[in-house]
Amino acid sequence: MAEGGVQRGLEDVVALESQICFIDGKEGRLIYRGYDIRELAERSTFEEVAYLLWYGRLPTPDQLDGLRTRLAGLRALPEPIERILAEMPPSANAMDVLRTCVSALAILEPAETQPGPSSIGGALRLTAVLPTILGHFHRARAGMPRLAPAPDLSHAAWVLHALRGTEASELEVRALDVALILHADHELNASTFAARVTASTLSDLYSAVTSAIGTLKGPLHGGANERVMELLDEVGTPARAEEVVRAKLARHERIMGFGHRVYKVEDPRATILREWSRKLGQAKGNLRYFDLLRQVEQVVHAEKGLYPNVDLYSGSIYTLLGIPRDLFTPLFAASRVSGWTAHVLEEYQDLRLIRPTSRYVGPIDLAYVPIEKRTAA
Ligand code: SDX
């Protein structure tokens, strides 16, 4: 709200022009480079969507094959990163691990980090390698066998292989592929804005992604998907949903997975993820999470008129896929890195230092008192 011209949280402030993503908050529509997310989720793959975000058009079959081959060839970790991961305590926050490894990669791979159109190489590298970092980290702490390259796997299949190790069914791979598509970009959300601010100073792409990872970690942004599952632990049964949710609201607590700065109706990604949560739950004979979420949804809407956002159902899908809960937000990052890097490349093409101003409300013209004359305030 504007208090003396200040838009707290930059709410509704149009900060720049972009050709990457359009959100219609009133109608609940999400568009990547002109294509409706509902069609992309239905008919596309994460690799095809990443190509669209980076290059601004859908790939031909040869271009898509070329991208798949390049991404598969960029999954391996340099030995120093494996050593860093081996030093990470199993209790380390996985977003901190991701952020640390991206920073270290910038030191090891300087060629990929020069600002400008050549940064597309860095965009592919980080998109390919983030799942490998998570896989190495998780397997080491879980005592699982070391991650072996699997160049024939699609990106979504590779993510599941990296995090689980067991064979994945077609339905499981498709469920994750759709989730990766839905998380790939979202206009000027906080982490993408952080990436663009960093790039706007002509800093490098790896620094911009490091800024973005640190920003996405927050529970008001990317961290909500893990907290939704904690809420379900607390609710326990559909019958308890009303009591637990109403008590939280009475304490003015936020219900994770609900509300959005831009959407005034249901987040279209929540609509698609709700259906996948049901589909996967049915296939696995486990609709517990889906039923709990439906009940929570009804109470929150009745009590606060709030709609679900992308984080409400994603955790139930990842849980059914056997992905550990503390890797949900890093998985969000592993998808959104495609959008972050597309925005960084766009910033480099039409660079303008991002530097808003603030309204000073502190004291002015105070007299300087020498330290020997100062007494406790
Ligand atoms: C993501 O920006 C993006 O696009 C982000 C994202 C992306 O893809 O990058 O979509 C991903 O971050 C989704 C959001 C994930 N976060 C959560 O689910 C956390 C819970 N949600 C809220 O914290 C909140 O809805 C925000 C942060 C998402 C948006 O908050 P706003 O726009 O700042 O709204 P607000 O805080 O001003 O709230 C307006 C009113 C308030 O009521 P009053 O105090 O005026 O009575 O709505 C209430 C809030 O209390 N409210 C909630 C609520 N969200 C808003 N009340 C309870 N639970 C909630 N979740």
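### Quick word on the overall build of the protein
Secondary structure summary: the protein contains 16 helices and five strands in total. Radius of gyration (C-alpha) of the protein: 22 Å, near the 21 Å computed for a compact globule of 377 residues. Seen along its three principal axes, the alpha-carbon backbone of the protein occupies a region of about 75 × 55 × 45 Å. Long-range contacts, defined as pairs at least 24 residues apart, comprise 74% of the intrachain contacts of the protein with a sequence gap of at least 6. Accessible surface, the protein: about 17900 Å² in total, of which carbon and sulfur atoms supply 53%. Across the protein, 43 positive and 47 negative side-chain charges occur, with their mean positions spaced 3 Å apart.

### Considerations on the domain arrangement of the protein
For the protein, the domain assignment lists domain 1 (17–220 + 326–349) and domain 2 (224–320). Domain 1 and domain 2 are separated by 25 Å when their C-alpha centres are compared. Taken together, the contact between domain 1 and domain 2 spans 30 residues of the former and 28 residues of the latter. Summed over both sides, the interface of domain 1 with domain 2 buries roughly 2300 Å², with 71% coming from carbon and sulfur. The tally of links between domain 1 and domain 2 comes to one salt bridge. Its salt-bridge partner being lysine 284, residue glutamate 172 comes within 2.6 Å of it at the nearest N-O pair. Our count for the contact surface shared by domain 1 and domain 2 stands at seven residue pairs in polar contact (both at pLDDT 80 or more). When residues in the side of domain 1 that touches domain 2 are grouped by element, the largest group, nine residues, is from helix H8 (residues 170–183). Here the residues of the side of domain 1 that touches domain 2 are counted per class, giving 16 nonpolar, five polar and nine charged.

### As for the nonpolar core
By size, the foremost hydrophobic cluster in this structure holds 107 residues, and its most contacted members are Tyr32, Leu126, Ile133 and Ile323. If one sorts the elements of this core by residue count, helix H16 (residues 328–349) sits on top with eleven residues. When neighbours within four sequence positions are excluded, isoleucine 133 is seen to be in contact with Leu77, Leu85, Val97, Leu98, Cys101 and Leu105.

### Structural notes on the layout of surface pockets
By volume, the largest pocket is sized at about 1800 Å³. Gly9, Glu11, His260, Arg261 and Val262 are the residues nearest the centre of the largest pocket, which is lined by 48 residues in total. Across the lining of the largest pocket, the residue classes break down as 23 nonpolar, twelve polar and 13 charged. Both domain 1 (17–220 + 326–349) and domain 2 (224–320) contribute no fewer than three residues apiece to the lining of the largest pocket. Roughly 420 Å³ of internal volume is contained in the second largest pocket. Together, 19 residues line the second largest pocket, and Ala15, Leu16, Glu17, Glu347 and Arg352 are the ones closest to its centre. In terms of residue count, H16 provides more of the lining of the second largest pocket than any other element does, three residues in total. Tallied by class, residues from the lining of the second largest pocket come to nine nonpolar, three polar and seven charged.

### Things to note about the site of the ligand
Looking at the ligand, there are 23 residues lining it, with His186, His260, Arg261, Arg269 and Arg336 nearest. Between the ligand and isoleucine 255 there is a distance of 2.9 Å, counted from a nitrogen atom to a backbone nitrogen or oxygen. Alone, the ligand offers 1000 Å² of accessible surface; in the complex the protein occludes 72% of this. Judged by the fraction of its atoms near the pocket grid, the ligand is located in the largest pocket. Split by domain, the residues of the shell around the ligand number at least three in each of domain 1 (17–220 + 326–349) and domain 2 (224–320).

What counts and how
Residues numbered from 1 in each chain as written. Predicted model: local features only at pLDDT ≥ 70, side-chain atom pairs only at ≥ 80, totals over all residues. Heavy atoms only, no water. Helix = DSSP H or I, 4+ residues; strand = E, 2+ residues; numbered from the N terminus. Rg over C-alpha atoms; globule rule 2.2 N^0.38 Å. Contact = heavy atoms within 4.5 Å. Areas by Shrake-Rupley, 256 points an atom, 1.4 Å probe, with all protein chains shown as cover. Lys, Arg positive; Asp, Glu negative; His and termini not counted. Charge placed at Lys NZ, Arg CZ, Asp CG, Glu CD. Domains from an automatic or database assignment. Buried area = accessible area lost by both parts, 1.4 Å probe. Salt bridge = Lys/Arg side-chain N within 4 Å of Asp/Glu carboxyl O. Polar contact = N/O pair within 3.5 Å; in protein donor to acceptor, adjacent residues only side chain to side chain. Nonpolar A, V, L, I, M, F, W, Y, C, P; charged D, E, K, R; others polar. Core = buried A, V, L, I, M, F, W, Y, C linked by side-chain atoms within 4.5 Å. Buried < 20%, exposed > 50% of the residue type's maximum accessible area, 1.4 Å probe, protein only. 1 Å grid on protein atoms, 1.4 Å probe; cavity = no way out; pocket = protein on both sides within 12 Å on 5 of 7 lines; lining within 4 Å. Points joined across faces, edges and corners; volume = space filled by probe spheres on them. Near = heavy atom within 4 Å. Sits in = over half its atoms within 2 Å of the grid points.

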